[in-house]
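Listed below, chain by chain, are the residues.
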Amino acid sequence: MYVYISHYGGTLMLEHLARKWTRKEKQPEATEVDPSGKIPVHVAVIMDGNGRWANMRNLPRVAGHRAGMKTVKEVVKTADEIGIRYMTMYAFSTENWKRPRDEVDFLMRLPQEFLSTELDELIERGVRIRMLGSKDELPKHTLQALLTAEEKTRENTGLQLNFALNYGARHEMIKAFAELAERVKAGELSPDDIQEEDISRYLYTSDIPDPDLLIRTSGEIRLSNFMLWQLAYTELWFTDVLWPDFTREHFYQAIVEYQGRARRYGAV
Ligand code: FPP
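Residues numbered from 1 in each chain as written. Predicted model: local features only at pLDDT ≥ 70, side-chain atom pairs only at ≥ 80, totals over all residues. Heavy atoms only, no water.

A.B. asks: It is not clear to me how the site of the ligand should be interpreted in this structure. Could you clarify?
C.D. replies: Among the 17 residues in the neighbourhood of the ligand, the closest are listed as Gly 51, Arg 52, Arg 61, His 65 and Arg 99. Here Gly 49 contributes a backbone N or O atom positioned 3.3 Å from an oxygen atom of the ligand. Between Asn 50 and the ligand, the recorded distance is 3.2 Å, taken from a backbone N or O atom to an oxygen atom. Within the complex, the protein chains bury 91% of what would otherwise be the 630 Å² of accessible surface of the ligand. Only α3 (50-55), α4 (61-82) and α5 (101-124) provide two or more residues apiece to the shell around the ligand. The residue makeup of the shell around the ligand, split by class, is 7 nonpolar, 6 polar and 4 charged. (Near = heavy atom within 4 Å. Polar contact = N/O pair within 3.5 Å; in protein donor to acceptor, adjacent residues only side chain to side chain. Areas by Shrake-Rupley, 256 points an atom, 1.4 Å probe, with all protein chains shown as cover. Helix = DSSP H or I, 4+ residues; strand = E, 2+ residues; numbered from the N terminus. Nonpolar A, V, L, I, M, F, W, Y, C, P; charged D, E, K, R; others polar.)

As structure tokens, then:
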């Protein structure tokens with residue numbers, strides 16, 4: 001035990017083991033997702049806990065992001081098998097630029113790395129790839145990889161995989177309100193006539209239904225500037241599991257719980 005602890009970083013490792021031991025409950029299997037029950041059309045995911053996962057192993061934070069990328073692959077495959085139509089993965093927020101330069105550079109290389117190994121299989125599955133977020137500040141190589149994937153998968157009719165990259169909900173809404181204000185200024189729209197659709201049409205998600213289910217990993221219970229408009233009636237599901245540890249069984253668990261929820265949209 002002593003060797004184990006000193007090798008992996010003392011209390012952090014103990015904490016990790018403790019977490020594992022307290023998560024003894026049985027994980028649902030694929031068969032427990034009711035195929036005739038409601039399947040969420042759109043699932044949004046805040047993939048959190050990569051840094052802590054790496055810290056617990058005395059690894060650099062970027063090792064957590066790389067492990068997180070593997071989880072993305074598994075989750076996308078599972079979503080496709082379940083019949084989910086849209087997945088939106090929060091990969092980089094407008095606030096993430098404040099991270100150390102090395103980490104930002106690494107995160108900006110991940111889409112390329114992911115697409116270079118996964119794009120062929122995603123195309124075979126009929127997956128369509130989209131980027132949601134501001135393209136302006138992205139490094140050329142990141143943008144190019146995403147634009148190429150968008151272009152190559154434009155006609156695909158399977159699962160739509162959205163990467164929210166350089167995405168911030170407040171920024172997205174400011175942009176929408178500014179466009180709306182221009183229309184009002186031009187006399188095309190009266191402020192009294194503004195409807196929800198007048199705002200939705202200027203969001204990155206203008207042609208995508210609002211998420212039915214939001215998953216956030218790592219035990220943080222907040223939205224972190226993610227899809228604030230779109231999540232108005234979304235079912236929220238939080239888990240303590242860190243993103244790199246998130247398995248298809250955890251995903252089934254989220255879906256099974258979603259299937260048991262009554263969505264009333266303010267009615268009775
Ligand atoms: C949050 O964890 C995670 C991110 C900011 C990056 C998420 C990116 C991936 C999972 C890989 C994306 C893959 C592709 C294909 C683009 P954190 O670093 O804030 O973790 P912490 O809260 O434990 O520090």
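Now, onward.
A.B. asks: Mind showing me how you'd approach the packing of aromatic side chains here?
C.D. replies: When we look at a pair of aromatic rings, we describe it by the centre distance and by the angle of the planes. Taken as a whole, this structure holds 9 aromatic pairs when the rule is applied. Taking 4.8 Å as the distance between ring centres and 70° as the angle between the ring planes, the aromatic pair formed by Phe 92 and Trp 97 counts as edge-to-face. On the accessibility criterion, Phe 92 (0% relative accessible area) is buried. Residue classification places Trp 97 among the partly exposed residues on the basis of a relative accessible area of 31%. Residues Phe 246 and Phe 251 carry aromatic rings whose centres are separated by 6.3 Å and whose planes lie at 50° to one another, so their mutual orientation is tilted. Within the aromatic cluster, the residues linked to one another by ring pairs are Tyr 90, Tyr 167, Tyr 204 and Phe 226. The ring of Tyr 258 has Lys 38 sitting right over it, with the charged end atom 5.0 Å from the ring centre. (Phe/Tyr/Trp six-rings, centres within 6.5 Å; stacked < 30°, edge-to-face > 60°. Buried < 20%, exposed > 50% of the residue type's maximum accessible area, 1.4 Å probe, protein only. Lys NZ or Arg CZ within 6 Å of the ring centre and 35° of its normal.)

A.B. asks: Can you walk me through the pattern of salt bridges in this structure?
C.D. replies: Between side chains of opposite charge, pairing is possible as soon as their charged atoms come close. For the structure on display, the rule yields 22 salt bridges. Note that Arg 52 and Glu 220 form a salt bridge whose closest N and O atoms lie 3.1 Å from each other. Highlighted residues: Arg 52 in helix α3 and Glu 220 in the loop between β5 (213-216) and β6 (235-238), separated in sequence by 168 residues. Note that Asp 212 and Arg 263 form a salt bridge whose closest N and O atoms lie 3.0 Å from each other. Linking Asp 212 in the loop between α8 (196-200) and β5 with Arg 263 in the segment after α9 (248-259), this pair joins segments that are 51 residues apart in sequence. Counted as one network, the salt bridges with shared partners bring together Asp 48, Arg 52, Arg 216, Glu 220 and Arg 222. (Salt bridge = Lys/Arg side-chain N within 4 Å of Asp/Glu carboxyl O.)

A.B. asks: Which parts of the structure should I look at to understand α9?
C.D. replies: For an α-helix, 3.6 residues make a turn, and residues three or four places apart therefore share a direction. The end-to-end C-alpha separation of α9 is 16 Å, in line with the 16 Å expected for 12 residues at 1.5 Å each. A large share of α9 lies buried, amounting to 9 of its 12 residues. Residues of α9 that are buried include every one of Arg 248, His 250, Phe 251, Tyr 252, Gln 253, Ala 254, Ile 255, Tyr 258 and Gln 259, and no others. Elements in contact with the buried residues of α9: β1 (42-46), α4, β2 (86-93), β5 and β6. (Expected span 1.5 Å × (residues − 1). Contact = heavy atoms within 4.5 Å.)

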